[in-house]
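Residue-level listing of the chains:
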Amino acid sequence: MQTVLYVSSLDRGSEVAIREVHDRFPLDEALASGIGVERVVVFIGSGHYALEITVADGDFQEHFEHFLTNRTVRDLFSALAPYVTALPQPNEGTAHMPLATAMLLWQRGGGDATTV
């Protein structure tokens, strides 16, 4: 599995609206539909919107593209568009997206830091 973080800006003061959009999103249905995504975590605050996506084993590009072309996910991003500056789009190519992935994991009691 591979986890990436997509970071963009949001309109300050729109946090409640963003939460409401996510509350209506049928996440279980979207993840159960076999789109290759194992987990989604969303962070908001201080003018930022971050979407953490963990994809299944295999080709990351393929799973991520499948996720982005899913109708339910496209509907979510359409509902978020008035509040979030940029969201990932199908066929955009990950090289052009503001993506980050873990490079270091430090955990108390887990021994030394691990480079990911």
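Criteria and cut-off values
- Residues numbered from 1 in each chain as written.
- Predicted model: local features only at pLDDT ≥ 70, side-chain atom pairs only at ≥ 80, totals over all residues.
- Heavy atoms only, no water.
- Helix = DSSP H or I, 4+ residues; strand = E, 2+ residues; numbered from the N terminus.
- Contact = heavy atoms within 4.5 Å.
- Areas by Shrake-Rupley, 256 points an atom, 1.4 Å probe, with all protein chains shown as cover.
- Lys, Arg positive; Asp, Glu negative; His and termini not counted.
- Charge placed at Lys NZ, Arg CZ, Asp CG, Glu CD.
- Core = buried A, V, L, I, M, F, W, Y, C linked by side-chain atoms within 4.5 Å.
- Buried < 20%, exposed > 50% of the residue type's maximum accessible area, 1.4 Å probe, protein only.
- Salt bridge = Lys/Arg side-chain N within 4 Å of Asp/Glu carboxyl O.
- Polar contact = N/O pair within 3.5 Å; in protein donor to acceptor, adjacent residues only side chain to side chain.

Chemist: I would appreciate a short explanation of the overall build of the chain in the present structure.
Modeler: Looking only at helices and strands, the chain has four helices and six strands in total. What you see in the chain, going N to C, is helices and strands ordered as β-α-α-β-β-α-α-β-β-β. Judged by the C-alpha coordinates and their principal axes, the chain covers about 45 × 30 × 30 Å. In the chain, once contacts between residues fewer than 6 apart in sequence are set aside, the share between residues at least 24 apart is 64%. Surface exposure of the chain reaches about 7200 Å², of which carbon and sulfur atoms provide 51%. Distance between charge centres in the chain, computed from 7 positive and 15 negative side chains, equals 7 Å.

Chemist: Teacher, can you tell me more about the nonpolar core here?
Modeler: Within soluble globular proteins, side chains that are nonpolar tend to cluster in buried spots. Judged by nonpolar contacts, the single largest core of 24 residues is most densely connected at Tyr49, Ile53, Phe64, Phe67, Phe77 and Leu80. Contributions of two or more residues to this core are made by strand E1 (2-9), helix H1 (15-24), strand E3 (48-55), helix H3 (60-69) and helix H4 (71-80). Non-local contacts of Leu80, meaning those with residues more than four positions away in its chain, are made with Ile18, Val21, His22, Tyr49 and Leu87.

Chemist: In this structure, what is going on with the pattern of salt bridges? I would like to understand it.
Modeler: Side-chain pairs of opposite charge can arise where the charged atoms are in close proximity. A complete count under the given rule lists one salt bridge for this structure. Residue Arg39 is joined to Glu52 by a salt bridge in which the shortest nitrogen-to-oxygen separation is 2.4 Å. With Arg39 in strand E2 (residues 37-45) and Glu52 in strand E3, the pair connects residues that are 13 residues apart, well separated along the chain. You can call Arg39 partly exposed: its relative accessible area is 43%.

Chemist: I would appreciate a short explanation of the side chain of Thr94 in the present structure.
Modeler: Residue position: Thr94 is located in the loop between H4 and strand E4 (99-101). Accessibility expressed as a relative area gives 17% for Thr94, which makes it buried. Only 2.7 Å separates the side chain of Thr94 from the side chain of Gln61, close enough to count as a polar contact.

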